[in-house]
Amino acid sequence: MGKKETLIKKVSVAVRHPLSAGKRLTKRLLKKPGRAAVVLFSLCTGLSLSHAGIAAEALVAVASNFTAPAKDLAAMFEKDTGHKITLSFGSSGKMLAQIVNGAPYDVFMSADQAKPEKLEHDGLAVKGTRFTYALGTLALWTADSGSSAEAILRNDQYQHIAIANPRLAPYGVAAEQVLEHLDLTGSSQPRRVMGENITQTWQFIASGNAEIGFVALSQVMKDGSITSGNAWIIPPEYYQPVKQDAVLLKRAVQNDAATAWLAYLQSENAAVILQRYGYGNFPVTP
Amino acid sequence: MHLSDSDLSAIWLTLKLATLVTLILLVVATPIALWLSRSQSRFTGVVSAVVALPLVLPPSVLGFYLLIAMGPNGPLGQFTQSLGLGTLPFTFTGLVVASVIYSLPFVVQPIQNALTALGKRPGEVAATLGAGPIDSFFHVTLPLAKPGFLTAAVLGFTHTVGEFGVVLMIGGNIPDQTRVISVQIYDHVEALNYGQAHTLSGLMVAFAFIVLLALYGLRRRNKQGGGSWL
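The rules behind these values
Residues numbered from 1 in each chain as written. Chains lettered and ligands numbered in written order. Predicted model: local features only at pLDDT ≥ 70, side-chain atom pairs only at ≥ 80, totals over all residues. Heavy atoms only, no water. Helix = DSSP H or I, 4+ residues; strand = E, 2+ residues; numbered from the N terminus. Buried < 20%, exposed > 50% of the residue type's maximum accessible area, 1.4 Å probe, protein only. Contact = heavy atoms within 4.5 Å. Areas by Shrake-Rupley, 256 points an atom, 1.4 Å probe, with all protein chains shown as cover. Pairing = 2+ DSSP bridges. Axes fitted to C-alpha atoms, helices over the stretch in contact; angles between N-to-C directions. Polar contact = N/O pair within 3.5 Å; in protein donor to acceptor, adjacent residues only side chain to side chain. 1 Å grid on protein atoms, 1.4 Å probe; cavity = no way out; pocket = protein on both sides within 12 Å on 5 of 7 lines; lining within 4 Å. Points joined across faces, edges and corners; volume = space filled by probe spheres on them. Nonpolar A, V, L, I, M, F, W, Y, C, P; charged D, E, K, R; others polar. Domains from an automatic or database assignment. Buried area = accessible area lost by both parts, 1.4 Å probe. Salt bridge = Lys/Arg side-chain N within 4 Å of Asp/Glu carboxyl O. Expected span 1.5 Å × (residues − 1). Bend = angle between axes of the 7 residues up to and from the residue. Parallel < 35°, antiparallel > 145°, perpendicular 65-115°, else oblique. Left-handed = near helix turned anticlockwise from the far one by under 90°.

### Describing the overall build of chain A
At step 1: Of the regular secondary structure elements, chain A holds 13 helices and 12 strands.
At step 2: Here chain A holds 286 residues, and 48% of them are scored as buried.
At step 3: Taking the intrachain contacts of chain A between residues at least 6 apart in sequence as the baseline, contacts between residues at least 24 apart amount to 75%.
At step 4: By element, 57% of the accessible surface of chain A is carried by carbon and sulfur atoms, the whole surface being about 14,200 Å².

### Here we look at the sheet that holds strand E5 (residues 138-142) of chain A
Residue and element names in this part refer to chain A.
At step 1: Sheet architecture is open: 5 strands sit in the order E7-E6-E8-E5-E11, paired in mixed fashion. Unpaired on one side and paired on the other, strand E7 (192-195) and strand E11 (230-233) mark the two borders of the sheet. Averaged over all pairs of adjacent strands, the angle between their axes in this sheet comes to 30°, without regard to strand direction.
At step 2: In this structure, E5 lies alongside strand E8 (residues 212-216), joined through 4 bridges in antiparallel fashion. When the sheet's bridge partners are listed, Trp141 is paired in E8 with Gly213.

### Some remarks on the environment of A:Asn65
Residue and element names in this part refer to chain A.
At step 1: Relative to the helices and strands, Asn65 is located in the loop between strand E1 (57-63) and helix H4 (67-81).
At step 2: The class of Asn65 is buried, set by a relative accessible area of 6%.
At step 3: In this view, Asn65 contacts Ala111, Tyr171, Ile198, Ser218, Gln244 and Tyr279; residues no more than four positions away in its chain are not counted.
At step 4: Polar side-chain contacts of Asn65 include one of 2.7 Å to the side chain of Tyr279.

### Let's talk about empty space enclosed by the protein
At step 1: For the coordinates displayed, the defined rule picks out 2 cavities of 30 Å³ or more.
At step 2: The calculated volume of the largest cavity comes to roughly 170 Å³.
At step 3: Every residue lining the largest cavity is counted, 17 residues in all, and those nearest its centre are A:Ser91, A:Ser92, A:Ala111, A:Ala169 and A:Asn197.
At step 4: At the level of elements, helix H5 (92-100) and helix H8 (170-181) of chain A are the ones that each hand at least two residues to the lining of the largest cavity.
At step 5: Looking at the lining of the largest cavity residue by residue, the class counts come to 7 nonpolar, 7 polar and 3 charged.
At step 6: Each of domain 1 (57-135 + 242-276) and domain 2 (138-233) of chain A accounts for three or more of the residues forming the lining of the largest cavity.
At step 7: Within this model, the second largest cavity holds a volume of roughly 50 Å³.
At step 8: Of all the elements in the fold, those that place two or more residues in the lining of the second largest cavity are E7 of chain A together with helix H9 (165-171) of chain B.

### Let's talk about the domain arrangement of chain A
All names here are of chain A.
At step 1: Split by domain assignment, chain A resolves into domain 1 (57-135 + 242-276) and domain 2 (138-233).
At step 2: Placing the centre of domain 1 and that of domain 2 at their C-alpha centroids yields a distance of 27 Å.
At step 3: Counting residues at the interface gives 10 residues for domain 1 and 13 residues for domain 2.
At step 4: Between domain 1 and domain 2, the buried area comes to about 850 Å², and carbon and sulfur atoms account for 54% of it.
At step 5: By the criterion of area lost to domain 2, the three top residues of domain 1 are Asn65, Val242 and Arg276, representing 54% of everything that side buries.
At step 6: Linking domain 1 with domain 2 are 0 salt bridges.
At step 7: Linking domain 1 to domain 2 there are 4 residue pairs in polar contact (both at pLDDT 80 or more).
At step 8: Residues belonging to the side of domain 1 that touches domain 2 are distributed by class as follows: 2 nonpolar, 4 polar and 4 charged.

### Quick notes on the environment of A:Gln219
Residues and elements named next belong to chain A.
At step 1: Position of Gln219 relative to the elements: it lies in helix H11 (residues 217-220).
At step 2: The spatial distance from the C-alpha of Gln219 to the C-alpha of Pro116 is 23 Å, given a sequence separation of 103 residues.
At step 3: Excluding residues that lie within four positions of it along the chain, Gln219 makes contacts with Ile198, Thr199 and Trp202.

### Comments concerning helix H2 (residues 44-56) of chain B
Residue and element names in this part refer to chain B.
At step 1: With 13 residues, H2 ought to run about 18 Å at 1.5 Å a step, and its terminal C-alpha atoms sit 19 Å apart, in line with that.
At step 2: Along H2, the largest kink reaches about 30° and is centred on Val50; proline Pro54 follows within four residues of it.
At step 3: Of the residues making up H2, those classed as buried are Thr44, Val51, Ala52 and Pro54.
At step 4: Tucked inside the fold, the buried residues of H2 contact helix H1 (5-38), helix H3 (59-70) and helix H5 (92-118).

### Quick look at the interface of chain B and chain A
At step 1: Listed by partner, the interface residues are 22 residues for chain B and 20 residues for chain A.
At step 2: For the pair chain B and chain A, the summed buried surface comes to about 1,800 Å²; carbon and sulfur atoms form 56% of the total.
At step 3: By the criterion of area lost to chain A, the three top residues of chain B are B:Phe90, B:Glu190 and B:Leu192, representing 31% of everything that side buries.
At step 4: The interface formed by chain B and chain A includes 0 salt bridges.
At step 5: Counting the contacts that link chain B with chain A gives 8 residue pairs in polar contact (both at pLDDT 80 or more).
At step 6: Element by element, the count of residues in the side of chain B that touches chain A is highest for helix H10 (residues 181-190) of chain B, at 4 residues.
At step 7: The residue makeup of the side of chain B that touches chain A, split by class, is 13 nonpolar, 6 polar and 3 charged.

### Some details on the packing of H1(B) against H5(B)
Any two packed helices are characterised by the angle at which their axes cross and by the distance between the axes.
All names here are of chain B.
At step 1: Where H1 contacts H5, the axes come no closer than 6 Å and their chain directions differ by 45°. By the angle between their axes, H1 is oblique relative to H5. The element H1 and its partner H5 pack so that their crossing is right-handed.
At step 2: For the contact of H1 with H5, a count of residues per class yields 22 nonpolar, 6 polar and 2 charged.

### Here's the deal with the sheet that holds E1(A)
Residue and element names in this part refer to chain A.
At step 1: Here 5 strands make up an open sheet; going across it, the order is E2-E1-E3-E12-E4 and the pairing mixed. Since the sheet does not close on itself, it has two edges, and those belong to strand E2 (84-90) and strand E4 (131-136), each with one partner. Here the average twist between neighbouring strands, direction ignored, is 20°.
At step 2: Taken together, the 3 bridges between E1 and strand E3 (residues 107-109) define a ladder with parallel strand orientation. Of the residues in E3, the one forming a bridge with Val60 is Val107.

Structure follows, in structure tokens:
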């Protein structure tokens, strides 16, 4: 009885510190081959239990505009399901290039529809798993809370207006459409500065270098209200909706955590978080 | 090989930036290097460390703090505004200032090494022959330390051509103003126009290789006693 307990203890030590304890244990086990078989068996079952398991892991590539809600969602998801989600943030273009070149992502949450579509078309994503997980809302924002972003734009009181590069970011395309709609394309052109993504665009405005600029509402909103400065939530009829699609990647066909995550994104819980961060077309009080 | 108008404008802008920055740096770095190589002051260590800082800081970090410092609420920004110059981010002048800071160690260090290797003796000999300090610098020190100055100029130039993180942070991607080659390549890659990215990158590699090859070729010839060059 006592002997058995010490053996179990040593096995557990060996599992935790295979190099240090391994030698002594092997020596002992070699003397008693019967016991060795038992130990090996229990080791194997232990390992397979953790593998076939209830809890799985997934690595998710997320467009940077969705950083804050994704973190909240992942924390809730892990608590609710026991699965583990690791988030990786960046621009959709860079992530697409990484996926094409073999990056180990299980799910891709893009800032647009075109890139997940392309992956599906090229056979790198699982057909039929693509869906729109968020509808981006555009806001004109100034870091100065004492003024109105809309008035600054309409009264032409700015030296620089920041937008995301329309070649790279869907929010940049939407910003151009808004300027076009307001008939301000020409007058804003020489004063336009471009961020390579929506995060950098926010930085230009937050640092005061651009008086106003177009950002994702999610960047300046938390719990349903504007966190700092002043924002004009652009009426949805001024631009084409920014549809952000997610897709399951080929390597994750068998990954329970990845499929559960995609389902979770479409749940009621997710809808609540999305609203708090200003995604979707619904009335918001600034 | 096809280069668009915006590619050509980025190339031209980059060459303009690098040339201007190199010229400014040669003027700024020479007195610093001279002081560092001659002075007995205990502050030389501090100054050397400050000069070398841009080597250690990630360019995007440096660029981010320049964006804040040069912005309307930053100390540099308030200074330039009080002079009636406005703020520096999103302007060509801003890129020049940032690049001078960013490439400073690449110009100071080769000149400093050359001057240290030269020692005080040539200057002292010139003084005994009646040369003033300025005369002696331009007619004795400078010609003798020429290889160091050439290395410094080439490194400063090529390093500025290759600059990316700082420009991305403070540039704002404005055509003919702040959109340099590296930013243009990055745009092509991000927009999945790999073909155009390959063309521009290939040109950049070829250019850098030729310049560096010329530099090291000259150095080799000089070492073998090929006589004075330049």
